[in-house]
Amino acid sequence: MSLHQIMYISTVVGTVTPQECAEVAQLSAVNNQRDDVTGLLLFNSRRFLQVLEGPRDAVERIFARIYDDPRHRAVVKLREGTIETREFGQWTMAYDDPARPSNSLKDKVAALLERAGPSTRAHFIGSADLHRSAAR
Ligand SMILES: Cc1cc2nc3c(=O)[nH]c(=O)nc-3n(C[C@H](O)[C@H](O)[C@H](O)COP(=O)(O)O)c2cc1C
């Protein structure tokens, strides 16, 4: 079966702490492993950006579950389609804060934000700048 990838952005409902988000990613990793799905979840305290990749049915089933999750709203697919190879093959669900990318994910996060397009990128980079000016 061909490999399928979905990238989406969404807005958090209420507040989700980075810890809670990391917990979602951990549970997701367990679920996704079962379905041979890999990916990356970014969270900047306001928005989620996630990539899911794997067998098409599994990716669509998981996305349908995520779409209905009341912890976020305004879920918008940014890209969807067949892929030749996995980009996040080593992670069942890597989690990262785009303002402070971990060394192992830095390049992946930068490439992902690049591909997500300028307005999505601004949501994440813009908030990183806000974090910085708030810290001054
Ligand atoms: C931003 C976000 C990303 C999520 N990513 C995944 C995921 O990759 N895999 C997954 O199984 N659940 C993910 N979830 C959780 C699902 O929405 C759902 O709560 C979970 O799959 C459990 O579903 P169930 O209660 O029907 O078993 C995510 C939730 C949110 C808010």
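Residues numbered from 1 in each chain as written. Predicted model: local features only at pLDDT ≥ 70, side-chain atom pairs only at ≥ 80, totals over all residues. Heavy atoms only, no water.

Looking at an unreviewed UniProt entry, one finds the chain named BLUF domain-containing protein and attributed to Sphingobium xenophagum.

Taken together, 15 residues sit near the ligand, with Ser28, Asn31, Asn32, Arg65 and Asp69 positioned nearest. The separation between an oxygen atom of the ligand and a polar side-chain atom of Asn31 is 2.9 Å. In this structure, an oxygen atom belonging to the ligand sits 3.2 Å away from a side-chain N or O atom of Arg71. Across the complex, the protein chains shield 76% of the 620 Å² of accessible surface that the ligand would expose by itself. Residue assignment for the shell around the ligand shows that the elements contributing at least two residues are α1 (18–34), β3 (47–55) and α2 (56–67). Among the elements that line the shell around the ligand, the one with the most residues is α1, at four residues. Of the residues in the shell around the ligand, the class split is seven nonpolar, five polar and three charged. (Near = heavy atom within 4 Å. Polar contact = N/O pair within 3.5 Å; in protein donor to acceptor, adjacent residues only side chain to side chain. Areas by Shrake-Rupley, 256 points an atom, 1.4 Å probe, with all protein chains shown as cover. Helix = DSSP H or I, 4+ residues; strand = E, 2+ residues; numbered from the N terminus. Nonpolar A, V, L, I, M, F, W, Y, C, P; charged D, E, K, R; others polar.)

The subject of this paragraph is helix α3 (residues 106–116). Here α3 has its buried residues at Val109, Leu112, Leu113 and Ala116. Across the axial projection of α3, the buried residues extend over an arc of 95 degrees, all falling on one side. Facing away from the buried side of α3, by more than 90 degrees, are the exposed residues Asp107 and Glu114. Looking one or two residues past α3, Gly117 carries a phi angle of roughly 100 degrees, positive in sign. (Buried < 20%, exposed > 50% of the residue type's maximum accessible area, 1.4 Å probe, protein only. Arc of directions from axis to C-beta.)

The next subject is the pattern of salt bridges. Counted under the stated rule, the structure contains eight salt bridges. The shortest N-O distance in the salt bridge between Arg86 and Asp36 comes to 3.2 Å. With Arg86 in the loop between β4 (72–83) and β5 (94–96) and Asp36 in the loop between α1 and β2 (38–43), the pair connects residues that are 50 residues apart, well separated along the chain. What makes Asp36 partly exposed here is its relative accessible area of 46%. (Salt bridge = Lys/Arg side-chain N within 4 Å of Asp/Glu carboxyl O.)

Moving on, we get to the environment of Ile6. Position of Ile6 among the secondary structure elements: in strand β1 (residues 3–12). Taking the C-alpha atoms as reference points, Ile6 and Glu53, separated by 47 residues in sequence, lie 6.5 Å from one another.

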